[in-house]
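Descriptive analysis of the structure
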Amino acid sequence: MQTAVGYQTERLHKTIAKRTKRVYDHLAPMYPASTYFFHRKAHKIALEMSGVRNGMNVLEVATGSGEMFRQLVRMNPSGATCGVDISPRMAARTQSHARKQFPKASLHCQAVDCRSLPYRDGSFDQIFCCYLFELLSTDDIYQTMEEMYRVLKPRGVLTSILIGQQVEFFNRAYLVAASVVPAFWGRQMDHSAPSILEATGFRVTGERLVKQSFYPSRILTSIKS
Ligand SMILES: C[S@@+](CC[C@H](N)C(=O)[O-])C[C@H]1O[C@@H](n2cnc3c(N)ncnc32)[C@H](O)[C@@H]1O
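Conventions we followed
- Residues numbered from 1 in each chain as written.
- Predicted model: local features only at pLDDT ≥ 70, side-chain atom pairs only at ≥ 80, totals over all residues.
- Heavy atoms only, no water.
- pLDDT = per-residue confidence, 0-100.
- Contact = heavy atoms within 4.5 Å.
- Pairing = 2+ DSSP bridges.
- Helix = DSSP H or I, 4+ residues; strand = E, 2+ residues; numbered from the N terminus.
- Axes fitted to C-alpha atoms, helices over the stretch in contact; angles between N-to-C directions.
- Near = heavy atom within 4 Å.
- Polar contact = N/O pair within 3.5 Å; in protein donor to acceptor, adjacent residues only side chain to side chain.
- Areas by Shrake-Rupley, 256 points an atom, 1.4 Å probe, with all protein chains shown as cover.
- Parallel < 35°, antiparallel > 145°, perpendicular 65-115°, else oblique.
- Left-handed = near helix turned anticlockwise from the far one by under 90°.
- Buried < 20%, exposed > 50% of the residue type's maximum accessible area, 1.4 Å probe, protein only.
- Arc of directions from axis to C-beta.
- Salt bridge = Lys/Arg side-chain N within 4 Å of Asp/Glu carboxyl O.

Here's the deal with the confidence of the model for the chain
Model confidence for the chain is summarised by a mean pLDDT of 92, while 93% of its residues fall at 70 or above. Taken together, the stretch residues 1–15 has pLDDT below 50 and engages in 20 contacts with residues farther than four places along the chain or on a different chain.

Structure, rendered in structure tokens:
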């Protein structure tokens, strides 16, 4: 018999990029509220854990509406900060808000599918990827991690944030929400993330569990080894 999780994963596998792009495109103007209420605290701690410094080449994969991206640009005024998101509206919003706030910074955000990153091997010192893997099938997570591995410099750092699985009632609510709008919620997968990172060649160096209100996050730092 098919379990609820198995059903979700299968649907996700079939429906992934096009529907996700459409859903997040529609939500772009409202999305900053979701970041403020659920992701802000984890973003702050992830920045502290990452070791990102001014002057680096930094990439954010799946910028959403750009709240983390602007913090990265603020911390990296003399370096270069790039971003990608599959939703053209999210990418455009991220680019225009960051440009308005930091007119002189070297920054560029574009609409790109993370499964094929348009950068040369070894381009970045640091990559950030927050709340994306839930939206990708397992094969696509591998492909995306391989792409991130490729574009990182040797000993470069990947900081990822996943939706945590440490709160039981949240897990149950998530299953319901994800069965209604799988393209928005995807499925929780923080327990498998470290092994996929290690299988792709990363070495996991740090981990923190964080809660903002009832919303759990898991932050992982890993090094290209
Ligand atoms: C849950 S939001 C997280 C946004 C932001 N990183 C944050 O921390 O608030 C997921 C984002 O991933 C983007 N996304 C989903 N699939 C993607 C793909 N295949 N390539 C690039 N971005 C993708 C969506 O458009 C959306 O903006």
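Quick notes on the sheet that holds strand E3 (residues 106–111)
Across the sheet, which stays open at both edges, the seven strands sit in the order E3-E2-E1-E4-E5-E7-E6 with mixed pairing between neighbours. Only two strands of the sheet have a single neighbouring strand rather than two, namely E3 and strand E6 (202–212). Neighbouring strand axes in the sheet, compared pairwise and without regard to direction, differ in orientation by 15 degrees on average. Bridging between strand E2 (residues 80–85) and E3 involves six bridges; their strand directions are parallel. Bridge assignment links Gly83 to a residue of E3, and that residue is Cys109. Against the sheet, helix H8 (residues 193–200) engages strand E5 (152–163), E6 and strand E7 (215–224), with an angle of about 160 degrees to E6.

Quick look at the site of the ligand
Inspection of the region around the ligand gives 22 residues, with His39, His43, Ala62, Asp85 and Cys114 positioned closest. Asp85 places a side-chain nitrogen or oxygen 2.6 Å from an oxygen atom of the ligand. Between the ligand and Cys114 there is a distance of 2.8 Å, counted from a nitrogen atom to a backbone nitrogen or oxygen. Notes on the ligand: free accessible area 600 Å², of which the protein chains cover 97%. Among the secondary structure elements, those contributing two or more residues to the shell around the ligand are helix H1 (4–27) and helix H2 (31–50).

Observations regarding the packing of helix H5 (residues 138–151) against H8
One can describe the packing of H5 onto H8 by two numbers: an axis separation of 10 Å at closest approach and a directional angle of 50 degrees. One finds that H5 runs oblique with respect to H8. Where H5 crosses over H8, the two elements pack in a sense that is right-handed. Where H5 approaches H8, its residues Ile141, Tyr142, Met145, Glu146 and Tyr149 are matched on the opposing element by Ala193, Ile196, Leu197, Ala199 and Thr200.

Considering H8
Quick reminder: α-helices carry 3.6 residues per turn. Residues three or four places apart thus point the same way. Residues of H8 that are buried include every one of Ala193, Ile196, Leu197 and Thr200, and no others. Across the axial projection of H8, the buried residues extend over an arc of 100 degrees, all falling on one side. Check the buried side of H8 and you find it contacts H5, E5, E6 and E7. One or two residues past the end of H8 sits Gly201, with phi positive at roughly 110 degrees.

Observations concerning the pattern of salt bridges
Enumeration according to the criterion identifies nine salt bridges in this entry. Residues Asp113 and Arg115 are paired through a salt bridge, measuring 2.6 Å at the closest nitrogen-oxygen approach. The residue Asp121 makes a salt bridge to Arg150 at a minimum N-O spacing of 2.8 Å. With Asp121 in the loop between E3 and strand E4 (124–130) and Arg150 in helix H5, this residue pair connects regions lying 29 residues apart in the sequence. Asp121 sits in the exposed class, given a relative accessible area of 58%. Relative accessible area serves as the criterion here: at 24%, Arg150 is assigned to the partly exposed category. One salt-bridge network, held together by shared partners, links Asp113, Arg115 and Asp140.

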